[in-house]
Amino acid sequence: SGGGRRASSADDDEDVFDSSRGPRALPGEYTVSLETLVEGETTEIVPPAPFTVEPLYLGTLPEPDRAAVLAFQKQTAELQRAVLGTVRVLGDSIDQLGFIERAIEQTPSLPPDLLKDVRALELKLTDVRETFAGDPTRSRRNEPAAPGLLDRLNTIVSGHWATTGPPTSSHRRNFEIAAEEFTAALEALRPILETEIPALHQKLEDAGAPWTPGRKLPVWKR
């Protein structure tokens, strides 16, 4: 895809999460219904029917603890949702910078020094990407590397969502570290994604550069 660059490490790690999975439901009363969706029209096949969810085995957790376990899992799920969305935006933004570089090279009216600004932003995004995916070069050199934010989340999801027991101290610690790292990553990304990259797009549009992904609709007057 031209000069685009993808956040391959983070995007690959994103696939470890199965979107069809989720925390286990608490025992209790629920309803289920069945509908078909054809060309935007829904048709009810089975009306809402009540059913009861009961524990399959004799558990040791009292009811209040079950609710606390589910609360932690929901908290983890919300962090996962925000992290995966950010990883996608991060990858798309690195792609955009690759296309912007090519557009600058094809637009003589733009100063060549603008390429330095683009590459500086690429380096910043690459540094933030390592927060999510970890440093891929260390493992290739057989050196120990700190786990990335996605690794920490996957440790919680794969190790806790399939159980009814309380989260371990490692699960809670991984969540706290991941939450802190994600907060810092968002603070670093926000000015780049919301201000600096849109400003680059505007410079390209003002100079009549070839259209690049992520830019608004081209301005044209007859």
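Structure: above.
Residues numbered from 1 in each chain as written. Predicted model: local features only at pLDDT ≥ 70, side-chain atom pairs only at ≥ 80, totals over all residues. Heavy atoms only, no water.

Peer 1: Is there a simple way to think about the pairing of strand 1 (residues 28-38) in this case?
Peer 2: Pairing of strand 1 with strand 2 (residues 41-53), which is carried by ten bridges, proceeds in the antiparallel orientation. Within the sheet, the bridge partner assigned to glutamate 35 lies in strand 2 and is glutamate 44. (Pairing = 2+ DSSP bridges. Helix = DSSP H or I, 4+ residues; strand = E, 2+ residues; numbered from the N terminus.)

Peer 1: What is the right way to read a nonpolar patch on the surface from this model?
Peer 2: A surface patch of nonpolar side chains, amounting to about 240 Å² of accessible area, comprises Tyr30, Val32 and Phe51. Looking at the secondary structure, you find valine 32 in strand 1. (Patch = residues over 30% accessible without salt bridge, like charges linked within 9 Å, V, L, I, M, F, W, Y side chains within 5 Å. Areas by Shrake-Rupley, 256 points an atom, 1.4 Å probe, with all protein chains shown as cover. Salt bridge = Lys/Arg side-chain N within 4 Å of Asp/Glu carboxyl O.)

Peer 1: What is the right way to read the packing of helix 5 (residues 149-160) against helix 6 (residues 169-206) from this model?
Peer 2: When two helices pack together, their arrangement is given by the angle between the helix axes and the distance between those axes. Between helix 5 and helix 6, the least distance of the axes is 9 Å, while the angle of their chain directions is 145 degrees. Crossing of helix 5 over helix 6 shows left-handed handedness. On the side of helix 5, the interface is formed by Leu149, Arg152, Thr155, Ile156, Gly159 and His160, while helix 6 contributes His171, Asn174, Phe175, Ile177, Ala178, Glu181 and Phe182. Counted by class, the contact of helix 5 with helix 6 contains six nonpolar, five polar and two charged residues. (Axes fitted to C-alpha atoms, helices over the stretch in contact; angles between N-to-C directions. Left-handed = near helix turned anticlockwise from the far one by under 90°. Contact = heavy atoms within 4.5 Å. Nonpolar A, V, L, I, M, F, W, Y, C, P; charged D, E, K, R; others polar.)

Peer 1: Whenever I open this one, the pattern of salt bridges confuses me. Can you help?
Peer 2: Where charged atoms of side chains with opposite charge meet at close range, the side chains can pair. Tallied over the full model, the rule gives four salt bridges. Salt-bridge contacts for arginine 119 lead to glutamate 101; the nearest nitrogen and oxygen are separated by 3.9 Å. Taken together, the positions of arginine 119 in helix 3 (residues 114-133) and glutamate 101 in helix 2 (residues 63-105) put the pair 18 residues apart, joining distant regions of the chain.

Peer 1: Please clarify how the packing of aromatic side chains should be interpreted in this entry.
Peer 2: Two descriptors summarise a pair of aromatic rings, namely the distance from one centre to the other and the angle between the planes of the rings. Within the structure shown, the criterion is met by three aromatic pairs. Measuring from ring centre to ring centre gives 6.2 Å for phenylalanine 132 and phenylalanine 182, while their planes differ by 75 degrees; the resulting arrangement is edge-to-face. Here phenylalanine 132, found in helix 3, pairs with phenylalanine 182, found in helix 6; they are 50 residues apart in sequence, far enough to count as distant. Classification of phenylalanine 182 by relative accessible area gives buried; the value is 7%. Its guanidinium or amino end placed over the ring of phenylalanine 72, arginine 172 lies 5.1 Å from that ring's centre, counting from NZ or CZ. (Phe/Tyr/Trp six-rings, centres within 6.5 Å; stacked < 30°, edge-to-face > 60°. Buried < 20%, exposed > 50% of the residue type's maximum accessible area, 1.4 Å probe, protein only. Lys NZ or Arg CZ within 6 Å of the ring centre and 35° of its normal.)

Peer 1: Looking at this structure, I do not really get helix 3. What am I missing?
Peer 2: Taking 1.5 Å per residue as the helical rise, helix 3 with its 20 residues ought to reach 28 Å, and the 29 Å between its terminal C-alpha atoms agrees with that figure. Turning to helix 3, its buried residues number three or more, namely Leu114, Leu115, Val118, Leu121, Glu122, Leu125, Val128, Arg129, Phe132 and Ala133. Buried residues along helix 3 cover an arc of 145 degrees about the axis, so they all sit on one side. Projecting away from the buried face of helix 3 at angles above 90 degrees are the exposed residues Lys116, Leu123 and Asp127. Residue glycine 134 follows helix 3 closely and has a positive phi angle near 85 degrees. (Expected span 1.5 Å × (residues − 1). Arc of directions from axis to C-beta.)

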